[in-house]
Amino acid sequence: MAPPQSVATRRAASPSGRSSCSLICRRAHLALGYCFYYGDSNYDAAEKEFAIAQRGLPNNAEVLLSIGAIQRRKGNWTESTANLEKALSLNPNSTWPLQNLVFNYEMNRDYANANKTVDRALQIEPKNIGLWEIKAKLAAEEQGDLSVAEKGLANLESSPLDADKRRVIAVLRGERSLISAQVRGSIARQNLRARELRASLEISFHRYRKKGLADDAGAREAFLKAKEIAQKQIAEGPDDARRRATLAGILAWLGEKDTALAEAQRAVELLPESKDAFEGPVITESLAEVHAILGNSNEAIEILDGLLTRPSEVTVETLKLNPVWDSLRGNPGFAEILARHGAKA
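Conventions we followed
- Residues numbered from 1 in each chain as written.
- Predicted model: local features only at pLDDT ≥ 70, side-chain atom pairs only at ≥ 80, totals over all residues.
- Heavy atoms only, no water.
- Helix = DSSP H or I, 4+ residues; strand = E, 2+ residues; numbered from the N terminus.
- Expected span 1.5 Å × (residues − 1).
- Buried < 20%, exposed > 50% of the residue type's maximum accessible area, 1.4 Å probe, protein only.
- Contact = heavy atoms within 4.5 Å.
- Axes fitted to C-alpha atoms, helices over the stretch in contact; angles between N-to-C directions.
- Parallel < 35°, antiparallel > 145°, perpendicular 65-115°, else oblique.
- Left-handed = near helix turned anticlockwise from the far one by under 90°.
- Nonpolar A, V, L, I, M, F, W, Y, C, P; charged D, E, K, R; others polar.

## Quick notes on helix 15 (residues 257–270)
With 14 residues, helix 15 should reach 20 Å at 1.5 Å per residue; the first-to-last C-alpha distance of 20 Å fits that figure. When helix 15 is considered as a whole, its buried residues turn out to be Ala-260, Leu-261, Glu-263, Ala-264, Ala-267 and Leu-270. In this fold, the buried residues of helix 15 make contact with helix 13 (219–236), helix 14 (241–253) and helix 16 (280–294).

Spelled out as structure tokens, the structure:
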């Protein structure tokens, strides 16, 4: 969902007179809705404010996008998609409504529409890193195809890049390498630029976490560094479920079983699917990852089975590809859910 423009900017652009006051009032409700949405994650309060804004701005793409974003977090996928599609019809040359639609289709495993939509967005912005990342992710989720990622990276690298874009590409290439069976286990072949990756805390964290996954020699040292960075991030945002889920995975790789499970459970408590049907499944999946790393195969399989039956990014193909699930591959229960859900797909 697009961040709101400033109220001052809106006021300067609005007509004069009583209609101007009314418009400013409606936009103020939109801005307040964003405060509830982004600042408090209070989706009920945000939805009420967006509804008030919509009464005065019935054909405003930004309002419709905002309402659609709330609806999917509450698990109302059909209504959300309808509002995002209407927002797109009002703003057909913007990639943001298209990108939001892709997320809805992806979560519901409607890959025909997801691919069609991201391709439409790429026609508008062919060098958009985020769109290429989405396109590559869709190919991996639907077909286990990693070639689209390489095509996208080559396309992006052929154009002028600033430092930020180079860092993002380095991380994407490293993540692709980790999943690729041809290079699994060889951090040296990832060709990551360490200096660039150290340029920010977030990128540094990716480097250490991914290196720990890929390189047995020195893995513990890498994970200990990742743990240090993750703990600093949690100190800055203790109620951030994603940060706690990330730390849980690191602790699991370090063999700190009880602490890892406690962090993973805390992450799920902070962002359960009942509170957020859009981002909650990612946190649920992270709990399954911790169980898999720790050798709790049955617990991991049970969670994954549930995720495959409802909207989430988990697919049979990604379960086959991702090395984090390697410990489950000899388990009959894992083979059974792959076969069952694969048949449905």
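That shown, we press on.
## Some details on the environment of Glu-133
Turning to its location among the elements, Glu-133 is positioned in helix 8 (residues 129–143). The spacing of Glu-133 and Gly-152 is 19 residues in sequence and 7.5 Å in space, taken between C-alpha atoms.

## Here we look at the packing of helix 6 (residues 95–107) against helix 7 (residues 111–124)
Orientation of helix 6 relative to helix 7, taken along the N-to-C sense of each, is 160°, at an axis distance of 8 Å. One way to sum up the angle between helix 6 and helix 7 is to call them roughly antiparallel. Like other packed secondary-structure pairs, helix 6 and helix 7 cross with a definite hand, here left-handed. Contacts between helix 6 and helix 7 involve Thr-95, Leu-98, Leu-101, Val-102, Tyr-105 and Glu-106 on the former and, on the latter, Tyr-111, Asn-113, Ala-114, Thr-117, Val-118, Arg-120, Ala-121 and Ile-124. Across the contact of helix 6 with helix 7, the residue classes tally to nine nonpolar, three polar and two charged.

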